[in-house]
Amino acid sequence: MSSAEGVVPAFRMRRAPRAPLLLFLGSLFLYIGVAIATGQTRMLEVEGAVGLLQRTVALGIVAIGQTFVILAGSIDLSVANLISVAAVLASFIMQGRPEMMLTAVVAVLAVSAVVGLINGALVSRLQVSPFIATLGSGLILQGLLSASFTNFAGSVPIEFQAVAYGAFGPLPFSVIGLFVLAILASILLRATKFGAHLYAVGGNAEGARLAGIRTDLVTIGAHVLCSLTAGVSGLYLASRLRSGAPWVGRDGVYDLESIAVVVIGGTLLAGGRGGVWGTLAGVLLFAVLDASFNMLDVSAYPKLVLRGAIVIAAVAVYTFRSRDLAA
Amino acid sequence: MTIALKEIRHGQAFTHAARRINAALVVFLLFYLVIGLLQPNYLEPAGAMNFLRRAAPLAILAAGQLFVLVSGGFDLSVGSLVTLTVVGGSMLTANDPGNTWWAIGVLYVVGLLVGLINGAVVAYLRTPSIIATLGTLLSVNGVAMMWSGGSPRGYLPDNFRMFGRFVFHDVPVVKIFPVAILVLAAVCALAQWGLHGTVFGRRVFAIGDNARAAQLAGVEVGSARIAVFVISALAAVTAGILLGGFGGVSVDVGVGLELQAIAACVVGGVQLMGGRGTLVGAIAGALTLTALFTLLTLLGWAQPLKETAQGVILIIAVAFGAWRRRRTG
């Protein structure tokens, strides 16, 4: 038994960096395979590929934030509701006026940061289990939002729609933005003290505390970052939809999907191991699945059934060899 | 020595349980009192019986969820299983009361299957239960949509709806007695016995406390895990059968119920990540949530603000529990 325990982590550590690449290549092959098999080769041209990448933006941004909280051993179920709040707030403040763009963005980011601060404080200071703390704050946000707005509120000016529709050559700004965000997140995780502490806290919170790390601040920091990405994702959706509605986050199921892609990307749900690139590969897999279902002309409901099975299968690939008995 | 230990543990468990149960029960009674002040007929037997009838599905879901939570997992698939039960019931019976009984049998088999899948994926593929049951949530929802074509209408046959709707009249003391309360009582008795009165129940606690230690002590962790998910799924089918009697057939009967069931347990002092919890707490939590919703309806609050209130009470309940654990150790 003890020899087995010694082998498992070493095996995982060797495998971990390759997992995102395999997932990425697998998704790519699936996409290309389906496109060729169904004869829709135009999906392989620039336009189709860009369309595929654009599908990853909204989920990708918030999934990067979710990676941080999950690495810290926490979880955030409030992101979908925060995305709705951000989208509605942005378009409500802008009301189509370009001069309000900066105000709206600042307001959205400020609200997001406060929500993250509260989530983090509930988890680390009041010791509320993160599942309940963020479920609760999500319910509070959604309740207040739906009580105040029942439909699309306000609109965003043409200038702001550039966030979603503008492009640099064939590459949309939004896709470039997601990539830049991922690089920044990766640097933050790999090359800063905060990143090192984040892994330490997620791996063994008590050990990290005894080593002198302010674990509460690390947890709060991770939650603030996550909420900020939810805010940015909401801003992107407002830009893409040209207005915000109180159901955009929930309809996208961004809470559960962001958690699913993080775990599919090889980050341990218990925290302490994983990274941003795996998450992005997971997001790409989801986008490829959606695109493939469309190409294969699978109708909406079987799509749901398959999606659930694929979520389980994709995570099981990582976990079935594990000796961890936790549920 | 074993006897002495047992007595100490019993004594501790008793004071522990008593302290923990009181919180949710006290809050519930407080809410109910306010409800009674606002709407006096809730204080009459008939009003109380009706309240219990409406609380029954959530309480049954909480009783099932309790097993999974105590074992250290989550079951997010119960809401969609409730939907599948109602939608499937309507498809199977096709408005013919003669089909009701075998249809109910089939629905329980479906529930059994979903529970087995959840349990097997968690136990043998070692997938975290939050992800595994999220997957089944999506799939089961998809099946319900496929089966019904997306927009089922109408009502279940009367003898199917009987479980949720039928009320005995002219009963002594309580005047009316809904069948739903009978179902709830039976579920409670079974759950109380299963969790607090059997070796199996002790194993569930042991796994939730420390799965590795339980395994080394000889507990078959895998089969116990499968069992808790089966129990939760069967509870969900039961709750679905009751809810089918409450209203019409639609694809969103069960939406959000999984989170409400977890919330009910948590309000009742059940600890997420396992090892702690009581049936009385889970039921008290479900009654508290139902009382909260009733109260807010009486106060004329809009539906969305009820969500907000639910969020607030959830956080307070867990923060309070964590605070007390830190103080008492």
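Residues numbered from 1 in each chain as written. Chains lettered and ligands numbered in written order. Predicted model: local features only at pLDDT ≥ 70, side-chain atom pairs only at ≥ 80, totals over all residues. Heavy atoms only, no water.

Caption draft 1: A look at the overall build of chain A. For chain A, the helix and strand inventory stands at 16 helices and 2 strands. The C-alpha atoms of chain A give 20 Å as radius of gyration, which agrees with the globular expectation for 327 residues (20 Å, within 12%). Based on the C-alpha atoms only, the size of chain A along its principal axes is roughly 65 × 50 × 35 Å. Classification of the 327 residues of chain A by burial places 53% in the buried group. Across chain A, contacts joining residues at least 24 apart in sequence account for 79% of those joining residues at least 6 apart. Carbon and sulfur atoms make up 68% of the accessible area of chain A, which totals about 13900 Å². Of note, chain A has its 20 positive side-chain charges centred 8 Å away from the centre of its 14 negative side-chain charges. (Helix = DSSP H or I, 4+ residues; strand = E, 2+ residues; numbered from the N terminus. Rg over C-alpha atoms; globule rule 2.2 N^0.38 Å. Buried < 20%, exposed > 50% of the residue type's maximum accessible area, 1.4 Å probe, protein only. Contact = heavy atoms within 4.5 Å. Areas by Shrake-Rupley, 256 points an atom, 1.4 Å probe, with all protein chains shown as cover. Lys, Arg positive; Asp, Glu negative; His and termini not counted. Charge placed at Lys NZ, Arg CZ, Asp CG, Glu CD.)

Caption draft 2: Layout of the packing of aromatic side chains. All names here are of chain B. A complete count under the given rule lists 12 aromatic pairs over all chains for this structure. With a centroid separation of 5.0 Å and an interplanar angle of 70°, the aromatic rings of Y32 and F51 are classed as edge-to-face. Within this pair, whereas Y32 is found in helix α1 (residues 2-38), its partner F51 is found in helix α2 (residues 45-70), the two being separated by 19 residues in sequence. Accessibility assignment for this pair places Y32 and F51 in one class, buried. Among the aromatic side chains, those forming a connected cluster through ring pairs are F28, Y32, Y42 and F51. Lying across the ring of F246, R53 places its NZ or CZ 5.0 Å from the centre. (Phe/Tyr/Trp six-rings, centres within 6.5 Å; stacked < 30°, edge-to-face > 60°. Lys NZ or Arg CZ within 6 Å of the ring centre and 35° of its normal.)

Caption draft 3: Representation of helix α5 (residues 129-148) of chain B. Residues and elements named next belong to chain B. Taking 1.5 Å per residue, 20 residues should reach 28 Å; α5 reaches 28 Å between its end C-alpha atoms and fits that length. Of all 20 residues in α5, 16 are buried; the element is thus mostly enclosed. Note on α5: the residue one or two positions beyond its end, G149, has a positive phi of about 75°. (Expected span 1.5 Å × (residues − 1).)

Caption draft 4: Here's a closer look at the interface of chain A and chain B. Contact with chain A, which involves 46 residues of that partner, is made by 48 residues of chain B. Counting the surface lost from both chain A and chain B, the interface buries some 3900 Å², and carbon and sulfur atoms represent 78% of this. A salt bridge links E307(B) to R250(A); the nearest nitrogen and oxygen atoms lie 3.0 Å apart. Only α7 (130-148), α14 (254-264) and α16 (300-319) of chain A provide two or more residues apiece to the side of chain A that touches chain B. When residues in the side of chain A that touches chain B are grouped by element, the largest group, 13 residues, is from α7(A). By residue class, the composition of the side of chain A that touches chain B is 30 nonpolar, 10 polar and 6 charged. (Buried area = accessible area lost by both parts, 1.4 Å probe. Salt bridge = Lys/Arg side-chain N within 4 Å of Asp/Glu carboxyl O. Nonpolar A, V, L, I, M, F, W, Y, C, P; charged D, E, K, R; others polar.)

Caption draft 5: Representation of the pairing of strand β1 (residues 167-171) of chain B. Residue and element names in this part refer to chain B. Relative to strand β2 (residues 175-178), β1 runs antiparallel, the two sharing 3 bridges. For V171, the partnering residue across the bridge sits in β2 and is K175. The turn joining β1 and β2, which pair antiparallel and follow one another in sequence, is formed by 3 residues; a positive phi near 70° is taken by V173. (Pairing = 2+ DSSP bridges.)

Caption draft 6: How the structure looks around helix α3 (residues 78-93) of chain B. In a regular helix each residue adds 1.5 Å, so 16 residues correspond to 22 Å; α3(B) covers 22 Å between its end C-alpha atoms and thus fits that length. One or two positions beyond α3(B), positive phi appears at A94(B), with a value near 45°.

Caption draft 7: Highlighting the packing of helix α4 (residues 57-71) of chain A against helix α12 (residues 215-241) of chain A. Residue and element names in this part refer to chain A. Look at α4 against α12: their axes get within 7 Å of each other, and the N-to-C directions meet at 175°. Viewed along their axes, α4 and α12 adopt a mutual orientation that is roughly antiparallel. Facing V57, A58, I61, V62, G65, Q66, F68 and V69 of α4, the residues of α12 in contact are A222, H223, L225, C226, T229, A230, V232, S233, Y236 and L237. Across the contact of α4 with α12, the residue classes tally to 13 nonpolar, 5 polar and no charged. (Axes fitted to C-alpha atoms, helices over the stretch in contact; angles between N-to-C directions. Parallel < 35°, antiparallel > 145°, perpendicular 65-115°, else oblique.)

Caption draft 8: Spatial organisation of the environment of G119(B). All names here are of chain B. Here G119 is to be found in helix α4 (residues 100-124). On the accessibility criterion, G119 (0% relative accessible area) is buried. C-alpha of G119 to C-alpha of V68: the two residues are 51 residues apart in sequence and 9.8 Å apart in space. Once residues within four sequence positions are removed from consideration, G119 is found in contact with Y124, R225, I226 and F229.

Caption draft 9: The arrangement of the pattern of salt bridges in detail. Residues and elements named next belong to chain A. As enumerated under the stated definition, the model contains 6 salt bridges over all chains in all. Across the pair R209 and E206 runs a salt bridge, and its minimum N-O distance is 2.9 Å. Of this pair, R209 and E206 both sit in helix α11 (residues 205-210), 3 residues apart, roughly one helical turn. Residue class for E206 comes out partly exposed when judged on its relative accessible area of 42%. Linking E257 and R307 is a salt bridge whose minimum nitrogen-to-oxygen distance equals 3.0 Å. Here E257, found in helix α14, pairs with R307, found in helix α16; they are 50 residues apart in sequence, far enough to count as distant. Note on E257: relative accessible area 14%, which makes it buried. One network of salt bridges, in which partners are shared, links R125, R214 and D216.

Caption draft 10: Summary view of unusual backbone geometry. All names here are of chain B. We note that R126 has phi near 60°; this positive angle belongs to a residue other than glycine. With respect to the helices, strands and loops of the structure, R126 is situated in the loop between α4 and α5. Residue R126 is classed as partly exposed on the basis of its relative accessible area of 26%. Positive phi, normally seen in glycine, also occurs at M273, with a value near 75°. Along the chain, M273 falls in the loop between α11 (257-267) and α12 (279-298).

Caption draft 11: Just the packing of α2(B) against α11(B), in detail. Residue and element names in this part refer to chain B. Two elements in contact, α2 and α11, have axes whose closest approach is 8 Å; the angle formed by their N-to-C orientations is 70°. When the axes of α2 and α11 are compared, the pair comes out roughly perpendicular. Here L58, L61, A62, Q65, L66 and L69 of α2 lie close against α11, whose contacting residues are L257, E258, Q260, A261, I262, A264 and C265. Looking at side-chain class alone, the contact of α2 with α11 contains 10 nonpolar, 2 polar and 1 charged residues.

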